[in-house]
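# Breakdown of the fold
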Amino acid sequence: MAAVPASAWTWSALPVKGPAIPAPKVSGHASAATNDERIVLFGGLTGSAGSPTTDDLWVYDKGAGWKMIPSKEQGGTRPQRRMYAASAVLGDSFYLIGGWDPGEPGSGGTFLDDIWRLSLKTLKWDRVETSLPYPVSRHSACAVSSDTIAIHTHKGLLLLSSDGRDCSVSEQPTTGDGPDGLSMCGSASLGGDESGRMLIFGGSTRTQELSSAAYVLDTKSWTWTKLLSKQKGEEPRPIASPCATYAGDNECIVFGGATLGKDGYAGGLIPQDETWLCTVNKGTATVGWEKIASEDPSPEGRVAASLNAVGDEVILQGGWDPVSKETYDKTWVLKK
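Residues numbered from 1 in each chain as written. Predicted model: local features only at pLDDT ≥ 70, side-chain atom pairs only at ≥ 80, totals over all residues. Heavy atoms only, no water.

### Let's talk about the side chain of Arg 38
- Locating Arg 38 in the fold gives a position in strand β3 (residues 38-42).
- In terms of polar contacts, Arg 38 uses its side chain to reach the backbone carbonyl oxygen of Leu 120, at 2.9 Å.
- With residues near it in sequence (within four places) discarded, Arg 38 still touches Ala 32, Ala 33, Val 59, Tyr 60, Asp 61, Leu 120 and Val 310. (Helix = DSSP H or I, 4+ residues; strand = E, 2+ residues; numbered from the N terminus. Polar contact = N/O pair within 3.5 Å; in protein donor to acceptor, adjacent residues only side chain to side chain. Contact = heavy atoms within 4.5 Å.)

Right, here's the structure in full:
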C-alpha cells in the first residue's frame, strides 16, 4: 500500500448489493488479514458486559463481504468461545492466541493460554501442542517475519515461531524503553510481514492510567524505542482499546478507542471516533500524526473493534460504545 497524505483517505459504509449480508456484531474479537486479501475473524463479546461471548468464525472476501463458517465445516476440534484474544497470520495459517472466556456471570471466567491454528486452505482448526507460558488476555500480536509472531503482553514479549507444522513459544528479553505494563493497545506492522518492526500505541496500565505513547520494536536487535512526538498541532490523547493496521512502509492507521472522563474509570469511558495516520521516522525515532477528517458518513466512536488492511482498503468491523452500550455490525471501508 503506497503512502498517501491523510487528506486523501475517506470513510464509507460497505455497499450492500441485493439482500443484506450478515456481518459480525461483536467487540473484543480476534482478526487478521490474509495474504490473499481476506480477513479472518473469531469470537468476541456479543453485547455489553455480561452478554455471551461467541465462538463464531467469519471470513471476509473483498467484493463479496462476510460469511459465517458453519461449525461442522471447521473440523472435529475447535476453540472455545472467548474475547480479548490476539491473532496473526503466518503463511497459510491464522493463529488464535490466548484470551478470556468470561463463563457464567459472577464466575470470574477463565484466562486462556492455548494456541489454535486455522488452515486458510481448508478452514479447519487444530490445536497447537505448545501453550503460552502464562494465561493472558488484552494482548497484541502481529507477524514480524514469515515464520514469527511477536506477542506483546503486560508481562513482556513472547514469540510464536512456526515452520508451518511445528510451533514453539518463547519469552523474548528486550532492551530499551518499551510499553511495559500496558495492555489494551493498538498494534501494527510497520512494513508488511518482513519488516521486523512492530508498533504499539496507547493502552492502559493495571492502575488505570492511559497512554498516548507510541513504541517501536526492532526484532533484529529486540530493542524497544519510545518515539518522540514533535507535533505542533493536534495529536491523539491518552487512549485505551484503539485498533490499528499497516498502511504503508513506516505508516499505520489508528482508529477509535476510549478516553477517561474527569472522574477516571468511575466516570466511565468516552468513546472516540478519530482516525489518525501515524508516520514513523526511523532515522530520528520520531512519530508524526495526521488526523483524517471525520466527514459524514464516518464510523461512530467505539472500543475493541478491528482494523485490517486488505489491498488498497482498510476494513473496520465491530466494536462497542461504552456510552450507548451499542455493539456495531456495519462494515466500514477507509480508502484513499
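### Describing the pairing of strand β4 (residues 57-61)
- Of all 5 residues in β4, 4 are buried; the element is thus mostly enclosed.
- With 5 bridges connecting them, β3 and β4 associate as antiparallel partners. Bridge pairing in β4 places Leu 41 opposite Trp 58.
- Sheet topology note: the β4/strand β5 (residues 65-68) ladder contains 4 bridges and is antiparallel. Bridging across to β5, Val 59 finds its partner in Lys 67.
- Hairpin connection between β4 and β5: a loop of 3 residues separates the two successive antiparallel strands, and Gly 63 in this loop has a positive phi of roughly 95°. (Buried < 20%, exposed > 50% of the residue type's maximum accessible area, 1.4 Å probe, protein only. Pairing = 2+ DSSP bridges.)

### A few points about the sheet that holds strand β15 (residues 186-189)
- Taken in spatial order, the 5 strands line up as β14-β18-β17-β16-β15 in an open sheet, and their pairing is mixed. Only two strands of the sheet have a single partner each, and these edge strands are β14 (175-176) and β15.

### Considerations on the pairing of strand β7 (residues 93-101)
- Buried residues dominate β7, accounting for 9 of its 9 residues.
- In the sheet, strand β6 (residues 86-90) pairs with β7 via 5 bridges, with the strands oriented antiparallel. Within β7, the residue paired with Ser 87 across the bridge is Leu 96.
- Between β6 and β7, which pair antiparallel and follow one another directly, the connecting turn spans 2 residues, one of which, Gly 91, has a positive phi of 55°.
- Bridging between β7 and strand β8 (residues 110-119) involves 8 bridges; their strand directions are antiparallel. Residue pairing across strands places Phe 94 opposite Leu 118, the latter belonging to β8.

### Some details on the environment of Lys 121
- Along the polypeptide, Lys 121 turns up in the loop between β8 and β9 (125-127).
- Classification of Lys 121 by relative accessible area gives exposed; the value is 67%.
- When the C-alpha positions of Lys 121 and Lys 220 are compared, they lie 31 Å apart, and in sequence the two are 99 residues distant.

### Let's talk about the environment of Pro 52
- Inspection of the secondary structure puts Pro 52 in the loop between β3 and β4.
- Among the residues examined, Pro 52 registers a relative accessible area of 54% and is labelled exposed.
- Once the C-alpha coordinates of Pro 52 and Gln 317 are considered, the two residues, 265 residues apart in sequence, prove to be 18 Å apart.
- In contact with Pro 52, not counting residues within four places along its chain, are Gly 44, Leu 45 and Thr 46.

### Things to note about the nonpolar core
- Counting 17 residues, the largest nonpolar core has Tyr 95, Ile 97, Ile 115, Leu 132, Ile 149, Ile 151 and Leu 160 as its most contacted members.
- At the level of secondary structure, the elements contributing two or more residues to this core comprise β6, β7, β10 (140-145), β11 (148-153) and β12 (156-162).
- When sequence neighbours within four positions are dropped, the list of residues in contact with Leu 160 reads Tyr 95, Ile 97, Ile 115, Asp 147, Thr 148, Ile 149, Ile 151, Cys 167, Ser 168 and Val 169. (Core = buried A, V, L, I, M, F, W, Y, C linked by side-chain atoms within 4.5 Å.)

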